[in-house]
Amino acid sequence: MTLAPETAGATGTAPAASLAATLPGAFYTDPGTFRQEQRHIFESLWCCAVRAADLPRPGAFRTVQVGRESVLVVRDRRGGFGAYLNVCRHRGARLCTEESGEVRRNLQCPYHAWTYDLDGRLVAAPNLQRMPDVDRAERGLLPVRLREWLGYVWVCLADEPPSFEETVIGAVSERLGGTEAIGRYGIDGLELGRRVTYDVRANWKLIVENFMECYHCATIHPELTDVLPEFTDGFAAQYYVGHGAAFADEAEGFTVDGSGGFARIAGIEESQDRRYYAVTVRPQVFLNLVPDHVIVHRMFPLAADRTVVECDWLYAPEVIASGADLSRSVELFHRVNTQDFAACERTQPAMDSRAYRAGGVLVPSEHHIAGFHRWVIRLLPGGPEAPGSPEAPGSPEAPGSPEARGVPEVPGAPAGPPAARPRDGGTSASP
Ligand code: FES
Ligand SMILES: [Fe+2]
């Protein structure tokens, strides 16, 4: 699949200036394209895998799908983490078949009982004593690079991962106007209030695109636009660096009925109070920041038309300890998720329609999505941005011109706040 979005257009003529082309429909259905995305995007970039607190004790593990691989993340005896390909080095059985669990001492393969310690080393196997020439270190589990940030374990399957600072932390600070802004929420000190896992029958890119635009907000998000009235104009407030959507005057909190939430997170600034910020960290994380909680989406694409989204609602420890009723707080974004994912699922079947063979169009308030499309295409084979190339994400050359960074010309876009500037299409977001 090499067709660039600029070449799309149902009639073969250039779209009107107000309209930009989307990707052709096959990008969302073709198994070959999906495999390329798994390999060149999800197995090449940093992905947010597991919430660290989900693995509280040595031996606690979680498995997640990253690209084509099952990755095993386990808490080690020193309190840190190991991440490994979830494949036994003997004859390849999947080592941990459960999505999560806890082992007492070691990880044992259920096939022939090869046994690995929590650092991945092969420590025992039937008759191993009679094979003195076997190098146990060499036969250990294959490690995967990991980083801890925001209370999550992030993994990268690439032999030479891109810079975490530039591609992950950089994406967040580009959106928020600096790294301090995210730090004030103290996300790694928050606790899990609720987790909902959504099995979405849609391509992962439809979910990203949906999160990046707010043209749909007035139509499908009545509860959200009640709390964030500026979302009704269709322009994502997140289009501007550092700008958060202001709560409605009558909204007491970020809740499904606008009723009061909880005390604001201790570290945030006055300017962050009563505002909603959304950040996309490509390829698979959405961060949503409000004064009294943080919502983290992690996407795990399983097929061209299927994506599992794990969504965590995080609160200050004292809120969790108080036993407070979180339901109205959780319900707002759960409803947004449900509305968004239903829209994505409604769109997915049409990706196979001859009506969408050449794709659809983006209106001006969606033009920045074309930057995301260019980013995807550049990472696929033949594109100039395969990780490790001079133009790879995070390289000094990557920011480049506004056009290279995916900043679109947006006819009719409203003027931003003072000193605001339009942002890269890849990290702007709205629900
Ligand atoms: S495949 Fe794991 S012990 Fe044989
Ligand atoms: Fe939405």
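As a reminder, the structure under discussion sits directly above these lines.
Attention in this report is confined to the structure presented alongside it. Keep in mind that what you see is a predicted model, and the values were worked out from it rather than measured. The residue numbering used here restarts from 1 in each chain and proceeds along that chain's sequence as written. In the order they appear in the text, chains get letters beginning with A and ligands get numbers beginning with 1. Under the rules for a predicted model, residues below a pLDDT of 70 receive no local features and side-chain atom pairs below 80 are neither given nor counted, while totals for whole chains, interfaces and linings still include all residues.

**Quick look at the sheet that holds strand S4 (residues 69-75)**
Right, so step 1: Each pair of strands is called paired provided DSSP finds at least two bridges between the two strands. The way it works is that DSSP assigns letters per residue, a run of H or I at least four long becomes a helix, a run of E at least two long becomes a strand, and they are numbered from the N terminus. Strand order in the open sheet formed by 4 strands is S5-S4-S3-S6, and the pairing between neighbours is antiparallel. Edge positions in the open sheet fall to strand S5 (81-85) and strand S6 (100-102), since each of these has one partner strand only. Recorded for the sheet is a direction-independent mean angle of 25° between the axes of neighbouring strands.
Right, so step 2: As paired strands, strand S3 (residues 60-66) and S4 are joined by 6 bridges and run antiparallel to one another. Each bridged residue has a counterpart across the sheet, and for Gln65 the counterpart in S4 is Ser70. Angles shown run from 0 to 180 degrees and are taken between the N-to-C directions of axes, each axis being a line fitted to C-alpha atoms and, for helices, limited to the stretch in contact.

**As for the sheet that holds strand S16 (residues 293-303)**
Right, so step 1: Taken in spatial order, the 6 strands line up as S12-S17-S16-S15-S14-S13 in an open sheet, and their pairing is antiparallel. In this open sheet, the two edge strands, each paired with only one partner strand, are strand S12 (191-200) and strand S13 (245-246).
Right, so step 2: Pairing between strand S15 (residues 285-290) and S16: 6 bridges, direction antiparallel. In the strand pairing of S16, Phe286 is matched with His297.
Right, so step 3: Distance between backbone-placed C-beta atoms decides contact: two residues are in contact if it is within 7 Å. The strands touched by helix H8 (residues 327-347) within the sheet are S12, S15, S16 and strand S17 (306-315), with S12 carrying the most contacts at an inclination of about 15°.

**A few points about the environment of Tyr84**
Right, so step 1: As for its position among the elements, Tyr84 is in strand S5.
Right, so step 2: Discounting chain neighbours no more than four positions away, the residues touching Tyr84 are Leu72, Gly120, Leu141, Leu142, Pro143 and Val144.

Purely geometric stuff here, so don't read any function into it on its own.
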